[in-house]
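Here's the letter readout for the chains.
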Amino acid sequence: MNYSRFITTVSAARKASPIRLLTELMQKSPPSLISLAGGAPNPNVFPFKRATVAIGHGTAVEIGEDLMKRALQYSASAGIPELLSWLKDFQRNLHNPPTANYSPEQGQMEVCVTTGSQEGLCKVFEMLINPGDNILLDAPTYSGTLAALRPLGCNIINVPSDQHGIIPKALKEILSTWSSEDVKNRSHHLPKFLYTIPNGCNPTGNSLTTERKKEIYQLARKYDFLIIEDDPYYFLQFEKPWAPTFLSMDVDGRVIRTDSFSKILSSGLRIGFLTGPKPLIDRVILHIQVSTMHTSTFTQIMISQLLQQWGEKGFLEHIDRVVEFYRTQRDAMLIAADKWLKDLAEWYPPAAGMFLWIKIKGVSDTQQLIMEKALQKEVLLVPGGAFNIDSSEPSSYVRASFSLSSPAQMDLAFKRLADLIKEAL
């Protein structure tokens, strides 16, 4: 892969921070090294000395005085070594990416820790997008993605989708705008990347089928675009076996994957990780060096200690418990929807995630219905327009989340929504 055509001038101009390199060098050095180089503060003056974090099932993560000194100090921009090592092994075991044993130039699989997957996404977008670039995505999609993309001045091309995600035939039709000559000459008008949330998409709940992923990947090869696989709900798939990922199919090194611990360990700790071809992940790390510098060392050590304690087996057993909770929540919402909204709305049961995407019959735009009238009925949902490329475009949909409410609350909320719809018709 020739990655140079994808990278912006700004990203290409980034150089490694000498101070950041020194920090990483010091952390790899023996204790006998006497360093007068770093500008790190002395941890002995910090007021925090040790911590015990109680974990479910009667265990705990212990951070003693020595580890606490490290947890409160600067660390490497890519992530602390033991967490990176765990994540790399995990990605290899879980996805078995073809790129795992490639050379760096060929697009060898690399991983870096980010402050939530949102930071990773934003830095990937800023690495790839010049004003006027064409990019592909399937809207309705995550509003945070659209908010990050809009100021970059790219041309967002919407790819039609249904309850099974992106429709490959529709994508092929869009791509047929570009000729074989455009591909051969690497025309700058070719789409830079396709962005998609392949499992339990926020807001639609759609999940891409394996066959569609294979077709989409072949189109990416033919038209030479990258795939950004934004997969925060991967671990919230309700049925096994879990769907194969784009990363598992990536023979070229053209997939950048974002993963998140937000839905399964903690949203507030802000831990995510990027996996993708080393030449591109390295560019993101250079950006991290001069922005956030690194994800909280304390957070990384806490997560790393937990994962080391659990091992992959224990981590996946925790995932099973989380999935069971959300499956029960989803089923409760579907029961409530069937009870109150059957003749008023349409929906598909989501196979992953935490959202139900509801089309209100006879209502062309839910914006006013939700933002003005729903509050009076003491029920709140998100109007569908918030997830459109043009948020002012009318939408007959609403997004309902089943993550926090009890089954009784869902039942009452949908009764109130039903009353609201009946009044509006």
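Please read all numbers here as calculations on a predicted model, not as lab measurements.

Right, let's talk about the packing of aromatic side chains for a bit. Following the criterion strictly, the structure yields 16 aromatic pairs and no others. When the centroid spacing of 5.9 Å and the interplanar angle of 75° are considered together, the rings of phenylalanine 235 and tryptophan 242 count as edge-to-face. You can call phenylalanine 235 buried: its relative accessible area is 2%. Among the aromatic side chains, those forming a connected cluster through ring pairs are Trp86, Phe90, Tyr234, Phe235, Trp242, Phe261, Phe273 and Phe315. Of note, lysine 240 hangs over the ring of tryptophan 242, and the distance from its end group to the ring centre comes to 5.6 Å. When the ring centre of tyrosine 234 is taken as origin, the NZ or CZ atom of arginine 257, which lies over that ring, is 4.8 Å away.

With that settled, consider the sheet that holds strand E3 (residues 109-114). Pairing within the open sheet is mixed, and its seven strands lie in the order E3-E11-E10-E9-E8-E4-E5. Among the strands making up the open sheet, the edge pair consists of E3 and strand E5 (155-158). Within this sheet the neighbouring strands show an average axis-to-axis angle of 20°, counted without direction. With four bridges joining them, strand E10 (residues 255-260) and strand E11 (residues 272-277) adopt antiparallel strand pairing. The residue of E11 that forms the bridge with arginine 257 is threonine 275. Its contacts with the sheet place helix H4 (residues 81-95) against E3, E10 and E11, and it is angled at close to 130° to E3.

Before going further, it helps to spend a moment on the pattern of salt bridges. Per the stated rule, a full pass over the model turns up 24 salt bridges. Its salt-bridge partner being arginine 92, residue aspartate 89 comes within 3.3 Å of it at the nearest N-O pair. Of this pair, aspartate 89 and arginine 92 both sit in helix H4, three residues apart, which is roughly one turn of the helix. Among the residues examined, arginine 92 registers a relative accessible area of 33% and is labelled partly exposed. Lysine 123 is the partner of glutamate 119 in a salt bridge, and the nearest nitrogen-oxygen pair spans 3.1 Å. One end of the pair, glutamate 119, and the other, lysine 123, are both in helix H5 (residues 116-128), four residues apart, so they sit about a helical turn from each other. There is no split in this pair, since glutamate 119 and lysine 123 are both buried.

A word on the sheet that holds strand E13 (residues 355-360). The four strands are arranged E12-E13-E15-E14 in an open sheet whose pairing can be described as antiparallel. Of all strands in the sheet, those bounded by a partner on one side alone are strand E12 (345-346) and strand E14 (382-383). By the bridge criterion, five bridges tie E13 to strand E15 (residues 397-401) in an arrangement that is antiparallel. Directly across from leucine 356, in E15, lies its bridge partner alanine 400.

Take the environment of asparagine 158 next. Residue position: asparagine 158 is located in strand E5. In sequence terms asparagine 158 and leucine 136 are 22 residues apart; their C-alpha atoms lie 6.1 Å from each other. If sequence neighbours within four positions are ignored, asparagine 158 has contacts with Leu137, Asp138, Ala139, Ile174 and Ile389.

Moving on, we come to a nonpolar patch on the surface. Side chains of Ile19, Leu22 and Leu25 sit close together on the surface and give an oily, nonpolar patch of about 280 Å² of accessible area. Structurally, leucine 22 is set in helix H2 (residues 18-28). Leucine 22 sits in the partly exposed class, given a relative accessible area of 30%.

Take unusual backbone geometry next. Along the chain, alanine 139 connects to proline 140 via a cis peptide bond; the corresponding omega equals 5°. Tracing the sequence through the fold places proline 140 in the loop between strand E4 (134-137) and helix H6 (143-149). Note that the residue after asparagine 202, namely proline 203, is joined by a cis bond; omega there is 20°. Looking at where proline 203 falls in the secondary structure, it is placed in the loop between strand E8 (193-196) and helix H9 (210-223). Phi is positive for histidine 57, close to 70°, though the residue is something other than glycine. With a phi close to 75°, methionine 293 is a non-glycine residue in the positive phi region. Assignment of secondary structure puts methionine 293 in the loop between helix H10 (278-289) and helix H11 (297-340).

Our next topic: the environment of serine 291. Mapped onto the fold, serine 291 is located in the loop between H10 and H11. Sequence separation of serine 291 and serine 77 is 214 residues, and the distance between their C-alpha atoms is 9.9 Å.

The geometry of H11 relative to helix H13 (residues 407-424) is characterised by a closest axis approach of 9 Å and an angle of 30° between their N-to-C directions. In terms of their interaxial angle, H11 and H13 are classed as roughly parallel. Along this stretch, H11 crosses H13, giving a crossing that reads as right-handed. Where H11 abuts H13, its residues Gln329, Ala332, Met333, Ala336, Ala337, Lys339 and Trp340 lie against Pro407, Met410, Asp411, Phe414, Lys415 and Ala418. Here the residues of the contact of H11 with H13 sort into nine nonpolar, one polar and three charged.

What counts as what
- Residues numbered from 1 in each chain as written.
- Predicted model: local features only at pLDDT ≥ 70, side-chain atom pairs only at ≥ 80, totals over all residues.
- Heavy atoms only, no water.
- Phe/Tyr/Trp six-rings, centres within 6.5 Å; stacked < 30°, edge-to-face > 60°.
- Buried < 20%, exposed > 50% of the residue type's maximum accessible area, 1.4 Å probe, protein only.
- Lys NZ or Arg CZ within 6 Å of the ring centre and 35° of its normal.
- Pairing = 2+ DSSP bridges.
- Helix = DSSP H or I, 4+ residues; strand = E, 2+ residues; numbered from the N terminus.
- Axes fitted to C-alpha atoms, helices over the stretch in contact; angles between N-to-C directions.
- Contact = heavy atoms within 4.5 Å.
- Salt bridge = Lys/Arg side-chain N within 4 Å of Asp/Glu carboxyl O.
- Patch = residues over 30% accessible without salt bridge, like charges linked within 9 Å, V, L, I, M, F, W, Y side chains within 5 Å.
- Areas by Shrake-Rupley, 256 points an atom, 1.4 Å probe, with all protein chains shown as cover.
- Parallel < 35°, antiparallel > 145°, perpendicular 65-115°, else oblique.
- Left-handed = near helix turned anticlockwise from the far one by under 90°.
- Nonpolar A, V, L, I, M, F, W, Y, C, P; charged D, E, K, R; others polar.

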